[in-house]
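# Descriptive structure summary
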Amino acid sequence: MSPSEVLFQAANATNATNGTAANATNATGAANATNASAGGAAGGSTFPETLSQFLGFGANPDPGLQLLFGLVGASLIATIFLTLAAFAGIWGKRKITAAFTDRIAVNRVGPFGLLIIVADAVRLLSKEVIIPDSVDRPAFDIAPFLVPFSAILGFAVIPLGTGLQLADPETGFVFVFAASSIASLGLLMSGYASNNKYSFLGGLRALAQNIAYEIPLIVTAASVVVFAGTLRMSEIVAMQSEALVTIAGVSLPSWFAFVNPFAFVLFLVANLAEVGRNPFDTPEAPGELVAGYMTEYSGAYFVLLYLGEFLHIFLGGAIIATLFLGGPAGPVLPGIVWMLIKILAVYLFTQWARSAIPRVRIDQLIEIGWKGLLVMSFANLVLTAIIVGFIA
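Residues numbered from 1 in each chain as written. Predicted model: local features only at pLDDT ≥ 70, side-chain atom pairs only at ≥ 80, totals over all residues. Heavy atoms only, no water.

### A word on the environment of Leu114
- For Leu114, the location among the structural elements is in the loop between α4 (63-100) and α5 (116-125).
- Sequence separation between Leu114 and Phe87 is 27 residues; the distance between their C-alpha atoms is 8.3 Å. (Helix = DSSP H or I, 4+ residues; strand = E, 2+ residues; numbered from the N terminus.)

### Some remarks on the packing of aromatic side chains
- A complete count under the given rule lists 18 aromatic pairs for this structure.
- Here Phe81 and Phe155 contribute two aromatic rings whose centre-to-centre distance is 4.0 Å and whose plane-to-plane angle is 15 degrees, an arrangement assigned as stacked. Of the two residues, Phe81 sits in helix α4 while Phe155 sits in the loop between α6 (137-154) and α7 (172-180), which places them 74 residues apart along the sequence. By the burial criterion, Phe81 is buried, and Phe155 matches it.
- An aromatic cluster is present here, built from Phe173, Phe177, Phe264, Phe267 and Phe324 joined pairwise through their rings. (Phe/Tyr/Trp six-rings, centres within 6.5 Å; stacked < 30°, edge-to-face > 60°. Buried < 20%, exposed > 50% of the residue type's maximum accessible area, 1.4 Å probe, protein only.)

### Considering the pattern of salt bridges
- Summed over all chains, the structure comprises eight salt bridges.
- Its salt-bridge partner being Arg232, residue Asp168 comes within 3.7 Å of it at the nearest N-O pair. Within this pair, whereas Asp168 is found in the loop between α6 and α7, its partner Arg232 is found in the loop between α9 (197-228) and α10 (233-238), the two being separated by 64 residues in sequence.
- Using a relative accessible area of 13% as the deciding quantity, one classes Arg232 as buried.
- Salt bridges linked by common partners bring Asp168, Glu170, Arg232 and Glu235 together as one network. (Salt bridge = Lys/Arg side-chain N within 4 Å of Asp/Glu carboxyl O.)

### Here's the deal with the nonpolar core
- One finds Ile158, Leu323 and Phe324 to be the most contacted residues of the largest nonpolar core, which totals 64 residues.
- Looking at this core element by element, the count peaks at twelve residues for helix α14 (residues 299-324).
- When near neighbours in sequence (up to four residues on either side) are disregarded, Leu323 contacts Phe173, Phe177, Ala221, Val224, Met233, Ile236, Gln240, Phe256 and Phe267.
- Grouped together as the second largest cluster of nonpolar side chains are 15 residues, Met189, Ala193, Tyr297 and Leu305 included. (Core = buried A, V, L, I, M, F, W, Y, C linked by side-chain atoms within 4.5 Å. Contact = heavy atoms within 4.5 Å.)

See the structure below:
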């Protein structure tokens with residue numbers, strides 16, 4: 001029996017009104033938790049399996065069809081989040097910032113200014129890609145592709161809804177963080193290869209920041225693994241499907257944000273630094289570094305870096321939703337809708353931080369990461385392990 005199942009049984013027992021009811025509640029909780037664990041262990045149906053069964057090829061088609069269905073799923077996921085990034089980066093960012101700062105933002109190009117997305121896309125993609133003299137050409141060309149690619153790769157193991165998970169490996173937790181960390185290489189390459197001191201400083205800042213905050217991010221997330229007892233993303237979601245406590249007939253879900261709110265707050269703060277939002281946007285810092293690692297990029301290369309920034313915000317939101325907010329779980333609406341709502345809620349939080357919190361200095365940023373979040377994340381992990389071990 002996993003530690004989280006024991007935790008759910010303890011919560012159910014506390015809510016019982018008498019000894020008989022407590023026993024019945026414990027038995028029901030154990031059965032439900034076991035069913036949830038079994039469902040998670042089976043891994044659910046991935047998108048290729050679901051599509052194969054829908055088309056009549058069975059759950060295990062030949063490798064060629066599996067590859068084809070996987071490519072279809074990857075294209076669908078990439079299309080969804082690239083479209084969201086276009087809306088969020090061009091229109092949503094301006095509208096949200098204007099709302100926070102009492103301004104109007106875009107409102108002349110199409111209804112609600114929505115056609116500014118098309119106008120800006122045509123404007124940026126039609127610009128010439130200018131290559132400065134003495135750049136490291138292979139690295140300069142490769143870097144803009146690494147940043148969005150790493151984010152889209154991370155979505156491969158995120159359960160977006162029933163049958164909407166591209167893959168469900170046993171080490172999905174490790175995979176998603178490994179994939180997202182590839183972006184650090186892209187940011188460093190773009191800064192180094194540009195032959196520009198501002199770009200170079202921006203690349204170094206990005207690398208130093210990602211190292212300082214990625215460690216507490218992963219250590220904090222590891223406390224969720226301690227509770228769930230698994231690295232499989234679908235099982236982590238399944239463990240959050242039980243009712244943690246019921247008050248006046250209203251059940252509070254056993255989301256890990258409720259089970260361990262301290263870890264949830266730590267992860268939110270570290271995620272802000274990972275995606276480069278205020279007060280941790282020092283790699284770009286327009287008042288100091290022009291545009292940081294993006295200074296020398298134009299045209300389609302700039303678009304790739306800009307989209308990559310918002311794709312990583314969405315990937316961070318998807319990880320938060322999966323680990324702490326029950327994944328695609330929610331009443332009435334389909335799972336994919338709830339997942340997108342939770343991702344967009346995290347995006348809205350990052351935009352609020354961008355508009356409301358001033359930027360810290362680079363030395364303060366590094367100190368917060370190494371001396372603050374790192375210490376608190378390890379303390380959270382140790383305390384979580386002690387509590388789970390005591391309950392078990």
